[in-house]
Amino acid sequence: MDRVSAFDEPLKKLLGGPTAKVMAEHLDLHTVGDLLHHYPRRYEERGRLTALTDLPLDEHVTVVAQVADARVLTFNGGRGKRLEVTLTDGHGRLQLVFFGHGVHKPHKELLPGRRAMFAGKVSVFNRKMQLAHPTYQLLDADPGDDAGATEAVDAFAGKLLPIYPACKQLDSWRIAKAVDAVLPSAREAVDPLPASLREGRGFTPLPEALLKIHRPATKADVAAARDRLKWDEAFVLQVALARRRYADTQLPAVARRPTPGGLLDAFDAKLPFTLTDGQQKVSKEIFDDLATEHPMHRLLQGEVGSGKTLVALRAMLAVVDAGGQAAMLAPTEVLAQQHHRSITEMMGELAEGGMLGGSDQGTKVVLLTGSMGTAARRQALLDLVTGEAGVVIGTHALIEDKVKFHDLGLVVVDEQHRFGVEQRDALRSKGKQPPHLLVMTATPIPRTVAMTVFGDLETSVLDQLPAGRSPIASHVVPAKDKPHFLSRAWERVREEVENGHQAYVVCPRIGDDEDDPGKKGKKKTAEEEATADKRPPLAVLEIAEQLAKGPLHGLRVEVLHGRMQPDDKDDVMRRFAAGDVDVLVATTVIEVGVNVPNATAMVIMDADRFGVSQLHQLRGRVGRGSAPGLCLLVTEAHEASPARARLGAVAATLDGFELSRIDLEQRREGDVLGQAQSGVRSSLRVLNVIDDEEVIAAARQEAVAVVAADPELEHLPELRTALDALLDKEREEYLDKG
C-alpha cells in the first residue's frame, strides 16, 4: 500500500457499512485519515471520577461515576415504568432516567456501588440535571464475578481512557474501538514538517504522536503528542495563508492616490468634527496601501460605533479622486440602504455630482439591491458602466454578471464573515486589474484569531470611541426566578419612551408559519415529556402582540424581520429612525449597522440563545446618541448554568475584545474557521486559538520563511500533500469566509 493511500482508505472497508455511515453523517469522518485525526477531547483516569458539578446543559457528555441508588417507579396507574438512578462522584449528584422496555437491563446492571462510563445529553427536569436514556459501559464486573472483575480491572486499571467528541448515535467508547481498528495505519503518516524544523524544535515523529494521542500510557505522552500535532495544524494553516499573501503581492493593481484639492479634501473640509487619533492612524495605513502597485488586502476591525464607516468612506473618496470607482458590499438590504442613507447624508451636495445643486467636485452615489424596481436598477447600472457613479453601495446584487463597472478601484466589504470566497473572486474580476480590498468587521477579533482566520489580510484596529458616545448599562433579568424583574424591565421601556426616546425588543425567532404544524395537537408520552427540549424560542410576532396588548399598551409598537418585503422593512426602519415608532420588536436583522441615535433601550428576550459577540453587536445599537443606553438581557436559564455565566460576562464589560476571548473559551469545542457553529469535525483539532498564541506566532514566522524560499513548495512534497488535504474546496471556503 503506498504511503498516501493508507490514510485515504474509506472507513467502510475497515469498520463495516453501518458504523461508517454514522461516522460520515454525524461526525463528517470518511477515511482512515479522518478518524486518526479525530482526537480525544480529554482523558479519564481509571481511579478518578468526573466532576458532576459542572456539566454543561444541552451538551452531549461522557462521565465516569458510581451508582448511589436505583429505584423503579410506576405511573399511569401502574401501566408505565420508570427507572431512576442516582450517580455520585463524591462532590455532586446526577440523575439518570430510563423508560418503558428500556428499564430491564439497566435495572439488573446498575446496582449501588457499580462504576460505569455514561454518555448522554444533559437536560433539566424538575429543576434537576439529568441524562435521559444514556448509553453506558460498566467499568467493573459483577461484584460476585472474580474472574470477570480481574479481567475488567486489567483492561482499565491505570489506563487513561480517551473520551472522544461523540454524538447521540455513536458513543465515545464505540469510537475508541473503531480507532483501535485503524491505529496500525498511523505508522504510514506522511510528515508535513520540513526535517530541519522538526529536528530544530525536537518534535516527536508524527506516527508516534498519533499513537500517543489516541493510546497514551502517561500524561507526558499526551503532552508530547499535543505539542507536535498543534505545530502541524498551526504550521500548515500558516503556510496556506503565507502562500495566499505571497500570491496577492504578485498581482498587479492600479495605485490610487488622492488628488490635492479634490473630493476627499472637500469632504474633510465640511466634517463638523476632527478625526480621532485612531481614525487618522488607520486612514494612513489604508492610504499607504492604496498607493502601491499591488492590491491592498486589509481588515479594519473596530468596536461598534468607532467610526469605521467614516474611515472606509474617506478611502472610497480617495479612489474616486484618483479616477476610479469604489463599491461597498453589505450583507443585507436593510444595511445597504442604511449605509446609502448615512453616506449621502455625510457627503451632502458632494453626493450629487452632475445634478442640479450638486457640487462640481462631487460624484454620484448609487444604491443597487436585488429588490429595486426595473427603471431605478437600469439607471444605476448605466451610472456604473459610464463611470458617472463614483461610489456604489449594494448587496450581493453587485456581484451579478450584468453589473459592469467603468473602472473599479476599491471594494469595501462590511461584516466579511457573511461573504464567501466566490463572492470575493467575482468582485475582483470586475476590475480591469484586481481592485484594492478593505474588509470591515465590528466583531472584535483577538490577535491570534486575526492571525489564523484573517491571516491573509493585514489588520488595522480602531479601538477608541469618538467623543459623545454614551455609556451602556447592561443587566441580566432572570424572568423565571424573579418575574417582577421582567415587569420592571417593561416599566423601564415605558419610562424611556415617556422621556422622548425609543426602544428595541429583540427575539430569536419570527414566529407564525415557521413552526412545524405536524407537531401541534399531538400528545407527548411521559418519556418525551421528561426529555423534551426547552420550549421554542420566543418569537417577534407573538411578543409584539403581547406587549401591545399588555405592558406596552398605548405605545406605537412595530415589527421588523427577514420575511417582510424589502419595501416594508425600509418603511418601518425609516419611520423608526424618524421617531414615528416607539418600540421596534425585531429579530437580529438589526444586529449590524442600524443607527438610530434616539434609541436608548434594548430588551433581548431569551438572551441565552444568542452568542456572546452577537449580544455585544446587538447592544451596540443603543447609546449611539448623547443619552445613556440601557440593555436588558432576559433569560429563563437557571442560575448555575453556563448560559447564565455567559450573560453575566456580557453584562459585566463593554470591552468587545475581552468578550471575544470569553466567546472563544466557551466555544472550545468549536473551530475558529467557521465550522464551530455546526459542531462538525473541524480543521483545528488540538490548536487552541486562545492559549496557543506563541505557537501560532512562531508557526507564522517559520511559514513566511518557507514560502519566501520556495513559494511552490517544490522541495517539500509532504508539506504540499498536507496542504492539499487542508485546502480541499470546503476548507478553502471556510478560510475565506473567516
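Residues numbered from 1 in each chain as written. Predicted model: local features only at pLDDT ≥ 70, side-chain atom pairs only at ≥ 80, totals over all residues. Heavy atoms only, no water.

Draft legend 1. Spatial organisation of the packing of aromatic side chains. Throughout the structure, instances matching the rule amount to four aromatic pairs. Arranged with centres 6.1 Å apart and planes meeting at 40°, the rings of phenylalanine 118 and tyrosine 136 form a pair that is tilted. Of the two residues, phenylalanine 118 sits in strand S5 (residues 115-125) while tyrosine 136 sits in strand S7 (residues 135-138), which places them 18 residues apart along the sequence. We note that phenylalanine 118, like tyrosine 136, is buried. Ring plane angle 50° and centroid distance 5.7 Å describe the contact between phenylalanine 203 and tryptophan 231, whose orientation is recorded as tilted. You can see phenylalanine 203 sitting in the loop between helix H8 (195-200) and helix H9 (206-214) and its partner tryptophan 231 sitting in helix H10 (residues 219-250), a full 28 residues away along the chain. Residue classification places tryptophan 231 among the buried positions, given a relative accessible area of 5%. Connected via pairs of aromatic rings, a cluster forms that spans Phe98, Phe118 and Tyr136. (Phe/Tyr/Trp six-rings, centres within 6.5 Å; stacked < 30°, edge-to-face > 60°. Helix = DSSP H or I, 4+ residues; strand = E, 2+ residues; numbered from the N terminus. Buried < 20%, exposed > 50% of the residue type's maximum accessible area, 1.4 Å probe, protein only.)

Draft legend 2. View of the pairing of strand S10 (residues 325-329). Burial analysis of S10 places five of its five residues in the buried class, which makes it a mostly covered element. The two faces of S10 match: Gln325, Ala327 and Leu329 on one face and Ala326 and Met328 on the other face are all buried. Sheet topology places S10 next to strand S13 (residues 408-414); five bridges connect them, and they run parallel. Residue alanine 327 lies in a different strand from S13, and its bridge partner there is valine 411. Sheet topology places S10 next to strand S12 (residues 389-394); four bridges connect them, and they run parallel. Bridge pairing links methionine 328 to isoleucine 393 in S12. (Pairing = 2+ DSSP bridges.)

Draft legend 3. View of empty space enclosed by the protein. If you walk through the whole model with that rule in mind, you get two cavities of 30 Å³ or more. Estimates place the volume of the second largest cavity at around 30 Å³. The wall of the second largest cavity is formed by Val254, Arg256, Leu408, Gly409, Gln433, Pro434, Pro435 and His436. Its residues assigned to classes, the lining of the second largest cavity comprises four nonpolar, three polar and one charged. (1 Å grid on protein atoms, 1.4 Å probe; cavity = no way out; pocket = protein on both sides within 12 Å on 5 of 7 lines; lining within 4 Å. Points joined across faces, edges and corners; volume = space filled by probe spheres on them. Nonpolar A, V, L, I, M, F, W, Y, C, P; charged D, E, K, R; others polar.)

Draft legend 4. Expanded view of the side chain of aspartate 414. Tracing the chain through its elements places aspartate 414 in strand S13. Comment: no salt bridge for buried aspartate 414; closest opposite-charge side chain is lysine 308, at 6.4 Å. Among the polar contacts made by the side chain of aspartate 414, one reaches the side chain of histidine 339 at a distance of 2.8 Å. (Lys, Arg positive; Asp, Glu negative; His and termini not counted. Salt bridge = Lys/Arg side-chain N within 4 Å of Asp/Glu carboxyl O. Polar contact = N/O pair within 3.5 Å; in protein donor to acceptor, adjacent residues only side chain to side chain.)

Draft legend 5. Focus on the pattern of salt bridges. Within the structure shown, the criterion is met by 35 salt bridges. Here glutamate 109 makes a salt bridge to lysine 105, at a shortest N to O gap of 3.6 Å. Residue glutamate 109 and its partner lysine 105 are both found in helix H5 (residues 104-109); the two are separated by four residues, about one turn of the helix. A salt bridge links aspartate 221 to lysine 212; its shortest N-O distance comes to 3.9 Å. One connected set of salt bridges, linked through shared partners, spans Arg488, Glu491, Arg492, Glu495 and Glu496.

Draft legend 6. Geometry of the side chain of aspartate 606. Tracing the backbone through its elements, the reader meets aspartate 606 in the loop between strand S20 (599-604) and helix H22 (612-619). Look at aspartate 606 and you get buried, because its relative accessible area is 3%. Those residues within four positions of aspartate 606 in sequence are excluded, and the remaining contacts are Pro508, Arg535, Pro537, Leu538 and Val634. (Contact = heavy atoms within 4.5 Å.)

Draft legend 7. Examining the packing of H10 against helix H26 (residues 717-726) more closely. Taken N-terminus to C-terminus, the directions of H10 and H26 make an angle of 85°; their axes are 10 Å apart at the nearest point. Classified by the angle their axes make, H10 and H26 are roughly perpendicular. Seen from H10, the contacting residues are Phe235, Val236, Leu237, Val239, Ala240 and Arg243; seen from H26, they are Leu719, Arg720, Ala722, Leu723 and Leu726. Per-class residue counts for the contact of H10 with H26 are nine nonpolar, no polar and two charged. (Axes fitted to C-alpha atoms, helices over the stretch in contact; angles between N-to-C directions. Parallel < 35°, antiparallel > 145°, perpendicular 65-115°, else oblique.)

Draft legend 8. Helix H20 (residues 540-549), seen in detail. Along H20, the residues that are buried comprise Val540, Ile543, Ala544 and Leu547. Take H20 and look down its axis: the buried residues cluster within an arc of 100°, on one side only. Opposite the buried face of H20, at more than 90 degrees from it, the exposed residues are Gln546 and Lys549. Tucked into the core, H20 has its buried residues touching helix H18 (483-498), strand S17 (502-506), strand S18 (557-560) and strand S19 (583-586). (Arc of directions from axis to C-beta.)

Draft legend 9. The arrangement of the sheet that holds S18 in detail. Taking strand neighbours across the sheet as the criterion, the six strands line up as S16-S21-S20-S17-S19-S18 in an open arrangement whose pairing is parallel. Bordering the open sheet on either side are strand S16 (472-478) and S18, each of which pairs with just one other strand. Direction aside, the axes of adjacent strands within the sheet are offset by 20° on average. Across four bridges, the pairing between S18 and S19 is parallel. Following the sheet pairing, leucine 560 is matched in S19 by alanine 586. Relative to the sheet, H22 contacts S16, S17, S20 and strand S21 (629-635), its axis offset from that of S20 by approximately 150°. Helix H23 (residues 642-652) rests against S16 and S21 of the sheet, and its axis sits at about 160° to S16.

Draft legend 10. How the structure looks around the sheet that holds S10. One open sheet holds the seven strands; their spatial order is S11-S12-S10-S13-S14-S9-S15, and the pairing between them is parallel. Both outer strands of the open sheet, strand S11 (364-368) and strand S15 (458-462), are each paired with one neighbouring strand and no more. Adjacent strand axes in the sheet meet at a mean angle of 20°, parallel and antiparallel pairs treated alike. Packing against the sheet, helix H12 (residues 277-290) makes contact with strand S9 (297-302), S13, strand S14 (436-441) and S15, and its axis sits at approximately 155° to S15. Along the sheet, helix H15 (residues 374-386) contacts S10, S11 and S12; its crossing angle with S11, the most-contacted strand, is approximately 130°.

Draft legend 11. Main features of the nonpolar core. Counting residues in each nonpolar core, the largest one holds 40 residues, and the members touching the most others are Met347 and Leu410. When residues in this core are grouped by element, the largest group, 10 residues, is from helix H13 (residues 308-321). Each residue touching methionine 347, except ones within four places of it in the same chain, is listed here: Phe267, Lys270, Leu313, Leu317, Thr363 and Val365. Core analysis: the next-biggest nonpolar cluster, separate from the first, contains 34 residues, Leu11, Leu29, Ala166 and Ala225 among them. (Core = buried A, V, L, I, M, F, W, Y, C linked by side-chain atoms within 4.5 Å.)

Draft legend 12. Up close: the pairing of S11. By the criterion of burial, S11 is predominantly enclosed, with five of the five residues buried. The sheet contact formed by S11 and S12 spans five bridges and is parallel. Bridge pairing in S12 places leucine 368 opposite glycine 394. Regarding the hand of the β-α-β motif, the stretch spanning S11, H15 and S12 is right-handed. (Right-handed = clockwise from strand over helix to strand, strands pointing away.)

Draft legend 13. Looking closely at the environment of leucine 197. As for its placement among the helices and strands, leucine 197 is situated in helix H8. When its relative accessible area of 6% is taken as the criterion, leucine 197 is described as buried. Spatially, the C-alpha atoms of leucine 197 and glutamate 702 are 8.3 Å apart, while their sequence positions differ by 505 residues.

Draft legend 14. Looking closely at the packing of helix H14 (residues 333-347) against helix H21 (residues 566-577). It is at 10 Å that the axes of H14 and H21 come closest, and there the two elements cross at 50°. Put simply, H14 runs oblique to H21. The crossing of H14 and H21 is right-handed. Listed contacts from H21 to Glu333, Val334, Gln337, Gln338 and Arg341 of H14 are Pro566, Lys569, Asp570, Met573 and Arg574. Its residues placed into classes, the contact of H14 with H21 shows three nonpolar, two polar and five charged. (Left-handed = near helix turned anticlockwise from the far one by under 90°.)

Just geometry here; none of it tells us what the structure is for.
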